[in-house]
Amino acid sequence: MLSVHGRKPAAVVVEPIAKWLTRMGLTPNSVTLIGTVISVALALWLIPTGHHFAAAVLIGITVATDMVDGTMARLRGGGTNFGATLDATCDRIADGAIFGALCLWFAGINDANVVPDYPLMAVCLVIVVASQVTSYVKARAEASSIKIVGGLVERPERLIISLVCLGLDGLGVPHVLAWGLWVLAAGSVYTVVERLVIASRDPKAGEHIAAPAGARTFDHAEDR
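Small disclaimer: the values here were computed from a predicted structure and weren't measured.

Focus on empty space enclosed by the protein
Enumeration over the complete set of coordinates arrives at one cavity of 30 Å³ or more. Here the largest cavity is characterised by a volume of approximately 90 Å³. Residue lining of the largest cavity: 15 residues in total, with Thr32, Thr36, Thr65, Asp66 and Asp91 positioned closest to the centre. Among the secondary structure elements, those contributing two or more residues to the lining of the largest cavity are helix 3 (28-46), helix 4 (52-63), helix 5 (65-75) and helix 6 (81-107). The greatest single-element share of the lining of the largest cavity, amounting to five residues, is contributed by helix 3. Taken together, the residues of the lining of the largest cavity break down into four nonpolar, six polar and five charged.

Next up, the structure:
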């Protein structure tokens, strides 16, 4: 939802940064790659070691480059197909690193005396899978000319909920991280179903598609 309605307010902050980076000679694709590498490194370093407040703040700053690189592309006259593909791919990598690192934290890999929290490890895996499928449903639907706009939990909501709860956990607020992840898991699964329903109701949903290359086709007249 925020990805649809939050772009204009964020532009006040994002556009000056994008203009500055453009003047520095950086390209949108390079900003995408740099931001992803830093996000992954911070997640895998800080979250499993228990530095949750620092992780929330630093990763939050870094993932903001997702808005900056898009703005840079528009300032340069528009993005490219490869740029959009790279951006979407890097988003999935960064999200996977965050929730994978949380899974490692709940597994207690840095303390042999900690009993792994298997339910929350499973919740993190549900979020990872549901977030990937949420994006895939949209991509696959749009490849079939079915437009899907919005959803209950998209990437901005996923990052805000997870990073805020992570930061509060780092400040000592009890149970907030666990509750946040449970809510996020439920919302992410709901969004997958929501997008499938949107796709099924599109006027083009019932159109037939060509068989894959090499697949056998059937002539119904031969069956009569």
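Here the narrative resumes, following the displayed structure.
Brief notes about the pattern of salt bridges
For the coordinates displayed, the defined rule picks out five salt bridges. Here Glu142 and Lys147 are joined by a salt bridge, their closest N and O atoms 3.8 Å apart. For Glu142, a relative accessible area of 33% puts it in the partly exposed group. By relative accessible area, Lys147 is classed as exposed at 59%. Residue Glu154 pairs with Arg195 through a salt bridge whose shortest N-O separation is 2.8 Å. Here Arg195 lies in helix 9 (residues 176-200) and Glu154 lies in the loop between helix 7 (118-143) and helix 8 (155-170), a separation of 41 residues in the sequence. Accessibility classification places Glu154 together with Arg195 in one group, the buried group. Through salt bridges with shared partners, one network takes in Asp91, Asp95, Arg155 and Arg158.

Each value, and the rule that gives it
Residues numbered from 1 in each chain as written. Predicted model: local features only at pLDDT ≥ 70, side-chain atom pairs only at ≥ 80, totals over all residues. Heavy atoms only, no water. 1 Å grid on protein atoms, 1.4 Å probe; cavity = no way out; pocket = protein on both sides within 12 Å on 5 of 7 lines; lining within 4 Å. Points joined across faces, edges and corners; volume = space filled by probe spheres on them. Helix = DSSP H or I, 4+ residues; strand = E, 2+ residues; numbered from the N terminus. Nonpolar A, V, L, I, M, F, W, Y, C, P; charged D, E, K, R; others polar. Salt bridge = Lys/Arg side-chain N within 4 Å of Asp/Glu carboxyl O. Buried < 20%, exposed > 50% of the residue type's maximum accessible area, 1.4 Å probe, protein only.

Worth remembering: the numbers are spatial, not functional.
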